[in-house]
Each structure stands twice: as structure tokens, then as C-alpha cells.
Number of protein chains: 2
Amino acid sequence: MVDRPKVVVVGAGFGGVQVARSLLGAPVDVTIIDRQNYTTFQPLLYQVATSGLPAADVAYPVRGMFPRQDNVRFRYGTVVGVDWDARLVQLDGQEPLAFDHLVLAAGAGARWFGVPGAAEWAFPLYTLDEASHLRNHIVQQFEAAEVVPERIDDGVLTFVVVGGGPTGVETAGALSELVTKVFRSDYPDLDVARARVVLVEAQDSVLTALHPKSQAAAVQGLEERGVELRLGESVAEVSRSSVKLSGGEVLPAHTVVWCAGVSPNPLAETLGLPTGRGGRVTVSPDLSVVDRPGAWAIGDVAAVPDKDGMPLPQVAPVAMQSGRHVGRQIARLVTGRGTQRFRYKDKGTMATIGRRDAVADLPGGLHLTGTIGWLSWLALHLLYLSGVRNRVSVLLNWGWAYVTWDRPRLILRPQRR
Amino acid sequence: MVDRPKVVVVGAGFGGVQVARSLLGAPVDVTIIDRQNYTTFQPLLYQVATSGLPAADVAYPVRGMFPRQDNVRFRYGTVVGVDWDARLVQLDGQEPLAFDHLVLAAGAGARWFGVPGAAEWAFPLYTLDEASHLRNHIVQQFEAAEVVPERIDDGVLTFVVVGGGPTGVETAGALSELVTKVFRSDYPDLDVARARVVLVEAQDSVLTALHPKSQAAAVQGLEERGVELRLGESVAEVSRSSVKLSGGEVLPAHTVVWCAGVSPNPLAETLGLPTGRGGRVTVSPDLSVVDRPGAWAIGDVAAVPDKDGMPLPQVAPVAMQSGRHVGRQIARLVTGRGTQRFRYKDKGTMATIGRRDAVADLPGGLHLTGTIGWLSWLALHLLYLSGVRNRVSVLLNWGWAYVTWDRPRLILRPQRR
């Protein structure tokens, strides 16, 4: 058997999976490496955290994703380094893997902005385990308040969401509905009305990447749901039981959800790749890494350029399109063709506020709100979810929750922090 | 408001839930205490362990179980003792709860029979967390073998199931199908045919509580699926990577699933209740605890008597019927009536071997096998599952798995032992 070029993809998220998919039929051997054995549908992690969906609905085993593509393999492991001269990817506790092309698709985690206590006490929301931990924690706060209601004064039922982007807005809206619609009947002896959901955003509106009309609809939707907005404020400090805002206000709060910004996977620097502002890998217009032949970077870990060379936002459509692009470029190279520049197609931005309420900015200047926005949000998320089982299961869970407000509010393997 | 008699139920399993349900409309205040905030459908835990079902499908939040019963409360906590004179249940880190009637429904865990290494290295299968841990572990063994195939010689792909009762048979059958139908295509570079599933049973057949015809059908079904039977053998010792059988055979094996017997919750002895053979609480014919007025014991933790006074097996139907009985007796007492003796209605026993294959002994001497047995097993389990959402979701997952062999084989929060 002739040795075919080896493509190693680090990360099985939106970007990494698309690299592999777009190498269907190409004369290469692809290996996807990930620390988890599943791909995560990150846009719905906030629903796992707020008991809207069970964890298994937003994860799909990587080994089941390429049933008709026999040039893709999966490796469950953690990348710790790269030997660029020998062209080997080094793994924790495993033999290194040889590569001809290396695609860094390692994603991002929370960016703490140096806020004291944030990394220690705030809950990030980038992995499924983080979402499950947060769900456990939220339900435990209500159980704790039930036992000692005085703890409400201490902030046990105050939930502070930091960051007014789509994730922050969706988390705050879903939390508010969870409290008022589900927990109010779960805890009849508790004064659940005293629970607070506070959304902190440094700019003077939420969803600032969207049209002002969408911003206004989101603000209205959140306020209707009882979310307290703290606009033009940022978080100065986080402790186990309180949050201090930049204006000086101190909120007693046992739960701080951090949706304030992303920080590229530190692997970019560990591997010695060139990085620019914010630690994102610097790439050429074709998404190859500058000065590293055979290396590519995509998605949240890379400064994927728009047509003017400016870095695109770290969102799922950029990850997917950049992944597909890099797969195609590798296929071109191994068949003797040259590479092309990446061109991003803006598919719009959307965020759901709650039941029958979402905002969506679509290409062509179309702004949807309310029920129409919500239905388009539902359809799009179902469409992009991996696996038919997961789609049907999510649809079932959404339908069931819509009719009954019943939610899988389980404390599974609580881990004390 | 007049103080109504307080009923405290320790344990939210099959038995405890029935106590509360059968007190619908009774002039009492019921509190169910559990260390988990959900009830577990234990008969399907083996499917969680073998990636057949996601965890959330077999758990239901206790607070959602009594929507139309306002005399039931839930308390998330751990019982550590009882002050019988003051009639207070003592909780870990919480104020004690007063009771007039105390129902111990705390279930059972694994019985290790003093086998060296068993408690340390074998996997029990009585809680949802145990089932999730086992699923993570099983998938991780295949990932480990993929990286270093030589580990197969060391037993990394040998799965020993101890105990030939329904749980052991179901686990062995499901494991075998998982390996041959799912993992064979997941790991194309691995010689998955070298994986072994070994079922060890001290008696000379499996399912010895069932009719010989059912036993023979189960043995045949297991052998057809490649399960190696070690009948008339018991386990002498367990280590991290091997199992020693009573006959002297040593099997290299990194996974030992312990389905060999149950041990009542040690709370029975902690609380100072009278216990008999096997540590089960000694109860009168009406299921009140001997010499402890106001105390009751049901399900796996109690020696629930049949009509001849002999203890019934520790199975779900006994737990449910004894729970319903005790709820009714408490309702009788608080309305000035006397108690009645418990009468068990045998509903039969069943176990599934695999796809379209189960055995069922039904009342009236009816013995079902094969597809008919399997369909009746499916129908019965769906019927007894808590919550409509869970039923529909289980049905969906079973249907999907039936058509595709796709399974939610996720490693969620791996915990190293």
C-alpha cells in the first residue's frame, strides 16, 4: 500500500469535523484528535446548563460521524507539542503521530480579562462538562435555599450572567424561564420570586453585533422575563459569593456565568505558531499558517481573515466555513493544484431570548424577531446538529418542554468546586 | 392550620415513590428524602452502562413527580441517624425533620461476599452514577486498545460479568452486542473479535429463578452472541487487571461488572432497626418494623414477607407493591382504622438477552422467549418508566438503535479510579 499524505486535525469541533468531511474521496489519510470522544454542539450548551436539554443531545461520538468515509480515523488523546522538523504531533502518554498537513482546530475557552476571582469562581460555558457542572450547580442552589431560605439574602438565588453577546443573552433568558416556569412549582415553600437573573454588559446594549432593531427587541424580551440589565457596567471582581461591578455595586451572588469573551486554545502558543492580537494564530489568505509549511489554523483558534484581511468573529459559521476551505485546499495540494483564498459567506446572527422569542439578522438586511425569529432559530439549530438521533431527540425535548415546561433538571454527579 | 401527621420516606426509588403516591388525598404531610434529586429506573441502568440509553432517560426529578399531589415535599439530603425518642430524622448538614411515621425505603447496593479486591476494583450497577462511570470505563478500554493493541493480551478488552441473574444476563448480552455491532465498525484498525465477554455464575445455569425452559433459552441466546459462560464457578479474587475464578483459572480483565448480589443499605443498621439474615430489616406482616412503633420498611432494604413469612426477592415489583401497601396502611391508621397484612402478587420475571431476544416467566405458567418475550419486555419497561418524556425518549432511542445500531457511546466526565 502506497503511503498517502497524512492529515492530522487537532480538534473535533465545528471546524475540525468540516476539514475531515471535505476530504471525502481525497487521496489522504485523516486523523482527528480530540480530548473528548465526541463533538459538541456548542450553540446549545446553554440549554444543557439551564436544564433544557440532556447532555447526550448536544454531543455526538466522533467515531460515528464518518460512516461512509474510510480515510478518516479518530484518536482520543491530548496534544502536548509538535516536532516541526520530524513532522510529528506529540500526544500525552501516546506515541507521536506523523503528519504532512497539520490543521489546528482546537477552539477557544473563556477569556477572563484579568478580573480577580473570575477564573476561580465564575462558570465558563465552552465544553459539555462545563455545561453539566453549571446545571448541577444551579439546581443545587435551589435545594440549598429550600433547606435554609435565609441563604437567599446571601445571594444563593442570584445568578449573574457576564456578557451581552448571544451566549449571555440566551443563558440569561433561559435561566429566567427556568426559575419562573419550572422552579416556582418545584419549590412551593420557597419564595422563588426573590431569585434574580442579572445580565452585565460593558456596552450600552446587548447583542451589539446585531441591528439596533434586534438589540431593542432583545432588551425588551429580557426585561419582560424579569432579567435585570446592567448595561455600561463590567465586572471588577468575583468571589465565591459575590460580584463587584465596575460602578462599585456589590451583588451577593453564588453563581456567575462567564460569557464575556473567548480566548484561543493556548495550544497555539505551546506549538510555537505565530499569533496576533488576542492570541489567535496568524494565517495567510488561504488559511495556511504564516511561515509554517503544512500547518493550517481554522475556527476560534485562528485569526480567520475576511476579504479585507480583518479577523472574523469567533463563531460557528466561521469555524465551519474555514474548516471546509482548508479541507479543500489540502485536497487541491495533494492533487497538484494551488491554493485559493478563503472567502467568508455571512449567514447572519441570531439569538433566542426565550419561548417564542428570538432575534435574527439575516443576509439582505432581514431582521426577524418574536415567533418568526424563534422558529427560524429552531430550524437552523436542528439543521446543523450532528446526527439524526440527536435532531429527533432535541425536537422531542423541545416539543415536550414547550407543552409541559417539564425539564431534565437532574443533579448528575455533583462535583464540589 | 392543624398539624397533620408527618410521614417521612427515606429513599425515592420504586418503593418510596409508591408510598407517597398512595397517600394521595390522605390527611398527612409527606416528605421524601433522597441523596439524589431524581428517581432512578434501575432495571435500565445496564443500558446506560452499555451505551444503549443516555443517563437522563432513566432518571426523573423527584420534584416533578407529584404535580397534582400537594401533600408531598422533597428534601435533597443524606440521612445520618434517627432520634427515636424525639421522633426526628437527622440529616447531614441540615436541621432534623420531625416524623410521626418513618418509612425506610433506602434500597440496596452491591454485596461483595468478602471477595478480595471486589469492592475496590469491580463495577457495581445500582446507581445512575455507577452506570455512567461504567460506560465511560468501557469506551475508554477500546480507546486504550486502539492506541496500544498489545493491551488486548493484558485483558483490556476482556469484560467479566459476575452473576447470572437478570442484571448479569442483560449486561453480558448488551455488552456483547455493543462490541460486535457498534465497536467493530468504530475501531476498523482494531481486532475487535479478540474482545471477550465472560459471564460467571456459581450455579449451573443462568436465571435460576426462572423456568428451566427460560434458562435454556437464555443460555442459548448468550452463546449465540459470543458470551463465554463460566457456570458452576465463582470469583475468588479481583485485581485491577485480572479475575481469579474458584476453579483456579485467572482471566486477564480490566473490567469486572458485579451483578452477584445485593446488600441492604447500611442505614438499616445505623438507625438501630432490627435486621435478620443478609442485613434486611425485620418487619411484621403489615410491614411495620418490629418493636419500632411508627417505623416501616419496604423494598430491598426490608425482609418483605410472602404469605408464608419467607422473605421475598429484592426486585422492583416487591418494592413497588410494598411501598403502595405501606402508604395505604398509614392512610388507614391516621383515619382511625387498623392495618392489614401485605399480600404480594407475583407479576413474573423477565430478562432481555439482546435484540429480539428475551425470556419472561409470567403468572399462570406462561413462558415467553425470543421476539415475543422481547416485545413484552419492552412494553413492560416502557409502562413502568417515570414520566412521559422519558418514555417517548426511550422509545425513540430504542427505535433508532434498532434501525442503525447507533449508540450514545460518550465518555462524559471520565473519572479515573
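Procedures and definitions
- Residues numbered from 1 in each chain as written.
- Chains lettered and ligands numbered in written order.
- Predicted model: local features only at pLDDT ≥ 70, side-chain atom pairs only at ≥ 80, totals over all residues.
- Heavy atoms only, no water.
- Buried < 20%, exposed > 50% of the residue type's maximum accessible area, 1.4 Å probe, protein only.
- Helix = DSSP H or I, 4+ residues; strand = E, 2+ residues; numbered from the N terminus.
- Contact = heavy atoms within 4.5 Å.
- Polar contact = N/O pair within 3.5 Å; in protein donor to acceptor, adjacent residues only side chain to side chain.
- Buried area = accessible area lost by both parts, 1.4 Å probe.
- Salt bridge = Lys/Arg side-chain N within 4 Å of Asp/Glu carboxyl O.
- Nonpolar A, V, L, I, M, F, W, Y, C, P; charged D, E, K, R; others polar.
- Least-squares fit on C-alpha atoms with pLDDT ≥ 70 in both.
- Pairing = 2+ DSSP bridges.
- Axes fitted to C-alpha atoms, helices over the stretch in contact; angles between N-to-C directions.
- Parallel < 35°, antiparallel > 145°, perpendicular 65-115°, else oblique.
- Left-handed = near helix turned anticlockwise from the far one by under 90°.

Draft legend 1. Broad picture of helix H1 (residues 14–21) of chain A. Residue and element names in this part refer to chain A. Taking burial as the measure, the eight residues of H1 include seven buried ones, the bulk of the element. When we look at burial in H1, the residues that qualify are Phe 14, Gly 15, Gly 16, Val 17, Gln 18, Val 19 and Ala 20. Where H1 is buried, its residues touch strand S1 (6–10), strand S2 (29–34), strand S3 (38–40), strand S5 (72–76), strand S9 (101–104) and helix H8 (316–334).

Draft legend 2. Expanded view of the side chain of Arg63(B). By the secondary structure assignment, Arg63(B) is in the loop between strand S4 (59–61) and strand S5 (72–76). Taking relative accessible area as the criterion, Arg63(B) reaches 12% and is therefore assigned buried. Within the structure, Arg63(B) has its side chain in polar contact with the backbone oxygen of Asp186(A) (distance 3.2 Å). Looking at Arg63(B), its side chain comes within polar contact range of the main-chain oxygen of Phe74(B), at 3.3 Å. Leave out the neighbours within four places in its chain, and Arg63(B) touches Glu143(A), Glu146(A), Asp186(A), Tyr187(A), Arg409(A) and Phe74(B).

Draft legend 3. Structural context of the interface of chain A and chain B. Of the residues lining the interface, 45 residues belong to chain A; the matching set on chain B comes to 45 residues. Both faces considered, chain A and chain B share a buried interface measuring about 4300 Å² in area, 55% of it formed by carbon and sulfur atoms. The largest per-residue losses of area from chain A upon contact with chain B belong to Arg63(A), Arg389(A) and Arg413(A), which jointly make up 20% of the total buried on that side. Inspection of the region where chain A meets chain B yields six salt bridges. Our enumeration of links across chain A and chain B arrives at 14 residue pairs in polar contact (both at pLDDT 80 or more). Elements represented by at least two residues in the side of chain A that touches chain B include exactly strand S4 (59–61), S5, helix H4 (128–147) and helix H10 (388–404) of chain A. Class assignment for the residues of the side of chain A that touches chain B results in 21 nonpolar, eleven polar and 13 charged.

Draft legend 4. Main features of the relation of the copies chain A and chain B. Aligned on chain B, chain A shows an RMSD of 0.0 Å; the corresponding rotation is 180° and the shift along the axis is 0.0 Å. Such values leave the two copies arranged in the relation of a two-fold axis. Scanning chain A for the C-alpha nearest the rotation axis identifies Ser393(A), at a separation of 3.4 Å. Both copies contact each other with a shared surface, as 100% of the interface residues of chain A are interface residues in chain B too.

Draft legend 5. The sheet that holds strand S19 (residues 295–297) of chain B, seen in detail. Residues and elements named next belong to chain B. Read across the open sheet, the five strands follow the order S5-S2-S1-S9-S19; overall the sheet is parallel. Only two strands of the sheet have a single partner each, and these edge strands are S5 and S19. Neighbouring strand axes in the sheet, compared pairwise and without regard to direction, differ in orientation by 20° on average. In terms of strand pairing, strand S9 (residues 101–104) meets S19 through three bridges, oriented parallel. Paired with Leu 104 across the two strands is Ala 297, which belongs to S19. Sheet strands in contact with helix H1 (residues 14–21) are strand S1 (6–10), strand S2 (29–34), S5 and S9, and its direction is about 165° off that of S2. Sitting on the sheet, helix H8 (residues 316–334) touches S1, S9 and S19, and the angle it makes with S9 is about 170°.

Draft legend 6. Examining the pattern of salt bridges more closely. Evaluation of the coordinates by the stated rule reveals 28 salt bridges over all chains. A salt bridge links Glu146(B) to Arg63(A), with the nearest nitrogen and oxygen atoms 3.8 Å apart. Taken together, the residues span two chains, with Glu146(B) in helix H4 (residues 128–147) and Arg63(A) in the loop between S4 and S5. In this structure, Glu146(B) and Arg63(A) share a single accessibility class: buried. Linked by salt bridges that have partners in common, Arg196(A), Glu228(A), Arg230(A) and Glu249(A) make up one network.

Draft legend 7. The packing of helix H9 (residues 370–384) of chain A against H10(A), seen in detail. Residues and elements named next belong to chain A. Packing of H9 against H10 brings their axes to within 9 Å, and their N-to-C directions diverge by 150°. With respect to their mutual orientation, H9 and H10 come out roughly antiparallel. For the crossing formed where H9 meets H10, the hand is right-handed. Residues Trp 374, Trp 377, Leu 378, His 381, Leu 382 and Leu 383 of H9 lie in contact with H10, whose contacting residues are Arg 391, Val 394, Leu 395, Trp 398 and Tyr 402. Among the residues making up the contact of H9 with H10, the classes are represented as nine nonpolar, one polar and one charged.

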